[in-house]
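Residue-level listing of the chains:
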Amino acid sequence: MRMEPETAQRVARSSRPGNTLGSLLTLLCLTGFALVGQAQNPVGKARSLFESRQYGEAGQLLKAIDDNSPDYAEAQYYLGRIAVQHRQHEEAADRFREAVDANPKNADYHYWLGAAYGLCARDANPIRQGFLANKIKSEFEQTLRLDPNHQSATWGLVQFYVRAPGFMGGGKEKARQVANRLRTLNPAEGHLAMAFIHTQDKKMDLAEKEYLALTRAAPDSGRYVHALGNFYQNTQQYDKAFETFENFLKQTSLPNLPVVFQIGKTSALSGKRLERGESCLLSYLKHQPQGNEPSLAGANFRLGMIYEKQNRKAEARKHYEIALR
């Protein structure tokens, strides 16, 4: 904020020694101007709207910021994040590319550009996948040059090396090297990365050892319990899945509803402990999912599976229809 000469003179006079009241009033006045400026900052407001998942309103604010603004890079970054939420992957890549061009020193911008290229590659033909592969790898590597401790980019490289063929720069040995580096940053994440590599290699015994080491490294983490339990679900070791989720609930003082959902899902998949599964899913349906928590559609679908196994066909149909809606 630019002061007129007369205003500046009054501020200077009020700030002289002995004029305590004037100094206080001046400080409050300038602080008020600063707070008003922050409140009116469109990127700050858009960030708050984004975090509360009000993507439409956030997008309107961000699109009004032109390329001459110092906030342009950040605006493009959040527009990219909104596009990812809407599964508009090509637009997301364009937005993140704009953010990188405007501020090439920001590690997160490079990471999300690489991630967006990865999302575009999922639906691309083999020729374009080959073209995008080098870009994905390049952006993740640039992220780590800017921020060697960036765990998401490290994870991204692990997955890239595992999934990409050798002529595109992939390789299991490269993946293991990155996973070991990740282990030095975060032991639990390193175990998770190694479990992923072993699973892709169909070495399920080694994968299970890594998942178990993961939960020992972070016994209070619901995320890692999910990883172990989901491994048991995917390998049809349903009794171990039940044991994993139930033990976690016994050890925590607060109810963890995503874990409650997983008990219901295990019941629906296995046909075991159906009453327990029904109870868990009914409890979850009273919950409003946040972030990446399982959806209510998923809970209704799994509940329909349980009712179908119990030959309660009318109730099964009802919950399948709710899930579809």
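Look above for the structure.
It should be emphasised that the depicted structure is a prediction, and the values quoted were computed from it without experimental measurement.

## Observations concerning the overall build of the protein chain
A count of helices and strands for the protein chain gives 18 helices and zero strands. Residues counted as buried form 43% of the 325 residues belonging to the protein chain. Across the protein chain, contacts joining residues at least 24 apart in sequence account for 45% of those joining residues at least 6 apart. Approximately 18,300 Å² of the protein chain is accessible, and the part contributed by carbon and sulfur atoms is 51%.

## So, the nonpolar core
Counting residues in each nonpolar core, the largest one holds 73 residues, and the members touching the most others are Leu-62, Phe-96, Val-158, Leu-192, Ile-197, Tyr-211 and Leu-214. At nine residues, helix 7 (residues 107-122) tops the list of elements feeding residues into this core. Once residues within four sequence positions are removed from consideration, Leu-62 is found in contact with Val-43, Ala-46, Ala-75, Tyr-78, Leu-79 and Ile-82. The next biggest cluster of nonpolar side chains, apart from the first, holds 11 residues, and it includes Phe-261, Leu-274, Ala-299 and Ala-316.

## Here we look at unusual backbone geometry
One non-glycine residue, Arg-273, lies in positive phi territory at about 50 degrees. Relative to the assigned elements, Arg-273 resides in the loop between helix 15 (257-270) and helix 16 (274-284). At Asn-311, a position not held by glycine, the phi torsion is positive, near 65 degrees. Here Asn-311 lies in the loop between helix 17 (296-309) and helix 18 (313-324). Taking relative accessible area as the criterion, Asn-311 reaches 55% and is therefore assigned exposed.

## So, helix 4 (residues 55-63)
In an α-helix, one turn spans 3.6 residues, which is why side chains three or four residues apart end up on the same side. Along helix 4, the residues that are buried comprise Tyr-55, Ala-58, Gly-59 and Leu-62. The arc that holds the buried residues of helix 4, viewed along the axis, is 100 degrees, so those residues lie on one side. Residues of helix 4 that are buried sit in contact with helix 3 (42-51) and helix 5 (72-85).

## A word on helix 12 (residues 204-217)
With 14 residues, helix 12 extends 20 Å from end C-alpha to end C-alpha; this agrees with the ideal 20 Å at 1.5 Å per step. Taken as a whole, helix 12 has its buried residues at Ala-207, Glu-208, Glu-210, Tyr-211, Ala-213, Leu-214 and Thr-215. Among the structural elements, helix 10 (172-185), helix 11 (187-200), helix 13 (222-234) and helix 14 (238-251) are those in contact with the buried residues of helix 12.

## Examining a negative patch on the surface
On the surface, Asp-66, Asp-67, Glu-98 and Asp-101 cluster together to form a negatively charged patch. You can see Asp-67 is positioned in the loop between helix 4 and helix 5.

## Notes on the side chain of Lys-265
Take Lys-265: it is sitting in helix 15. One buried charged residue, Lys-265, remains without a salt bridge, the closest side chain of opposite sign being Glu-293 at 15 Å. Here Gln-233 takes part through its side chain, which lies 3.5 Å from a polar atom of the side chain of Lys-265. With near-sequence residues (within four places) excluded, Lys-265 lies in contact with Gln-233, Leu-281 and Arg-302.

## Topic: the environment of Ala-164
Secondary-structure assignment places Ala-164 in the loop between helix 9 (151-163) and helix 10. As for Ala-164 and Lys-137, which are separated by 27 residues in sequence, their C-alpha atoms are 10.0 Å apart.

## Observations regarding the packing of helix 11 against helix 12
Running from amino to carboxyl end, helix 11 crosses helix 12 at an angle of 165 degrees, the nearest separation of the two axes being 8 Å. If you check the angle between helix 11 and helix 12, you find them roughly antiparallel. Along this stretch, helix 11 crosses helix 12, giving a crossing that reads as left-handed. Seen from helix 11, the contacting residues are Ala-188, His-191, Leu-192, Met-194, Ala-195, His-198 and Thr-199; seen from helix 12, they are Met-204, Leu-206, Ala-207, Glu-210, Tyr-211, Ala-213, Leu-214 and Ala-217. Class assignment for the residues of the contact of helix 11 with helix 12 results in 11 nonpolar, three polar and one charged.

## Considering the packing of aromatic side chains
Following the criterion strictly, the structure yields 14 aromatic pairs and no others. Both rings, one in Phe-50 and one in Tyr-78, keep their centres 5.4 Å apart while their planes meet at 65 degrees; by these two values the pair is edge-to-face. Taken together, the positions of Phe-50 in helix 3 and Tyr-78 in helix 5 put the pair 28 residues apart, joining distant regions of the chain. With a relative accessible area of 8%, Phe-50 lands in the buried category.

## Details of the pattern of salt bridges
Applying the stated rule across the entire model yields 16 salt bridges. The partner of Arg-183 in a salt bridge is Glu-210, with the nearest N and O atoms 3.8 Å apart. Of this pair, Arg-183 sits in helix 10 while Glu-210 sits in helix 12; the two residues are 27 residues apart in sequence, bridging distant segments of the chain. Taking the relative accessible area as the measure of exposure, Arg-183 reaches 25% and is therefore partly exposed.

About the criteria used
- The residue numbers shown here count from 1 along each chain, following its written sequence.
- Residue-level local features of this predicted model are given only where pLDDT is at least 70; pairs of side-chain atoms are given and counted only at 80 or more, and the full residue set underlies all totals for whole chains, interfaces and linings.
- Side-chain figures throughout are based on the complete set of non-hydrogen atoms in the structure, without hydrogens or water.
- Helix and strand assignments come from DSSP, with helices taken as H or I runs of at least 4 residues and strands as E runs of at least 2, each series counted from the N terminus.
- Here's how the labels work: a residue is buried when its accessible area is under 20% of the maximum for its type, exposed when over 50%, partly exposed in between, all with a 1.4 Å probe on protein chains only.
- Whether two residues are in contact is decided by their heavy atoms, any of which lying within 4.5 Å being enough.
- The Shrake-Rupley method, run with a 1.4 Å probe sphere, supplies the accessible areas, and residue values consider only the shown protein chains as cover.
- In these notes, a set of buried Ala, Val, Leu, Ile, Met, Phe, Trp, Tyr and Cys residues joined through side-chain atoms within 4.5 Å is what counts as a nonpolar core.
- In this description, the arc belongs to the directions extending from the helix axis to the C-beta atoms.
- The span one expects for a helix is its residue count, reduced by one, times 1.5 Å.
- Patches draw on residues past 30% relative accessible area with no salt bridge. Two like charges within 9 Å are joined, as are two nonpolar side chains (Val, Leu, Ile, Met, Phe, Trp, Tyr) within 5 Å.
- Whenever Lys or Arg places a side-chain nitrogen within 4 Å of a carboxyl oxygen from Asp or Glu, that contact is recorded as a salt bridge.
- Charged-residue counts in this description rest on Lys and Arg as positive and Asp and Glu as negative, His and the chain ends being excluded.
- For charged residues, the charge sits on one atom: NZ in Lys, CZ in Arg, CG in Asp, CD in Glu.
- Under this definition, polar contacts are N or O atom pairs within 3.5 Å; protein pairs additionally need one hydrogen-donor-capable and one acceptor-capable atom, and for neighbouring residues in sequence, both atoms have to be side-chain atoms.
- Fitted lines through C-alpha atoms serve as axes, helices being fitted only where they are in contact, and the angles separating the N-to-C directions of these axes extend from 0 to 180 degrees.
- Should an angle fall under 35 degrees it is called roughly parallel, over 145 degrees roughly antiparallel, and 65 to 115 degrees roughly perpendicular, with every other angle called oblique.
- Crossings are assigned a handedness: left-handed for a near helix turned anticlockwise from the far helix by less than a right angle, right-handed for a clockwise turn.
- Gly is put with the polar residues, along with every residue not named as nonpolar or charged; the nonpolar set is Ala, Val, Leu, Ile, Met, Phe, Trp, Tyr, Cys and Pro, and the charged set is Asp, Glu, Lys and Arg.
- Stacked, tilted and edge-to-face pairs are distinguished by plane angle, under 30 degrees for stacked and over 60 for edge-to-face with tilted covering the rest, among Phe, Tyr and Trp rings (Trp via its six-membered ring) whose centres lie within 6.5 Å.

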